[in-house]
Amino acid sequence: DTYGGTSRHGGGAFSGKDPTKVDRSATYYCRYVAKNLVAAGVADRLELQVSYAIGRAKPFSIHVETFGTQRVGVERIEQMLMEGGIFDFRPAAMIEELGLTQVRYAPISAYGHLGREDMELPWERLDKVEEVQQALNIRASVAGA
């Protein structure tokens, strides 16, 4: 159900997995975080890699790839994300913040889960842009450039 997409993810197909599986919930959350970071002016292009260990709620690593388009040091971005002040990568927090138990998944099992313009999906929201700009000391005028 994600063949042909540009967003890499592990764990195979999402269909058949509930949001408690980080294969699904963390992919959606990474999309949400990356969109907000790009909209805040952190980078023009951004990809997140999040690694989890069984029995541990917080990820043990978050890696940021900006493909050389960053306006803020990658280490600063990773540190902000690991601190969890704006974005909380714990599975229960991601499910709660994005309302993943309320999403109707059948309509998105075809034609992709990410970047859909034909429906409102919680991981496509841009509601943390100002918080990111404040946390990383990014001026709004730079973000819009």
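Residues numbered from 1 in each chain as written. Predicted model: local features only at pLDDT ≥ 70, side-chain atom pairs only at ≥ 80, totals over all residues. Heavy atoms only, no water.

Draft legend 1. Layout of the nonpolar core. In this structure, Leu37, Leu81, Phe87 and Phe89 are the most contacted members of the largest nonpolar core, which totals 38 residues. Where this core is concerned, the elements lending two or more residues are helix 1 (22-39), strand 1 (47-51), strand 2 (61-65), helix 2 (74-83), helix 3 (91-98) and helix 4 (129-135). Dropping the residues within four chain positions of it, leucine 37 is found in contact with Val42, Ala43, Leu46, Ile77, Met80, Leu81, Phe87 and Val132. (Core = buried A, V, L, I, M, F, W, Y, C linked by side-chain atoms within 4.5 Å. Buried < 20%, exposed > 50% of the residue type's maximum accessible area, 1.4 Å probe, protein only. Helix = DSSP H or I, 4+ residues; strand = E, 2+ residues; numbered from the N terminus. Contact = heavy atoms within 4.5 Å.)

Draft legend 2. Fine view of the pattern of salt bridges. Summed over the entire model, instances satisfying the criterion amount to six salt bridges. For arginine 90, the salt bridge identified is with aspartate 88, shortest N-O distance 2.5 Å. Classification of arginine 90 by relative accessible area gives partly exposed; the value is 37%. Under the relative-accessibility criterion, aspartate 88 is labelled buried at 19%. Sharing partners across several salt bridges, the network here consists of Arg31, Lys35 and Glu124. (Salt bridge = Lys/Arg side-chain N within 4 Å of Asp/Glu carboxyl O.)

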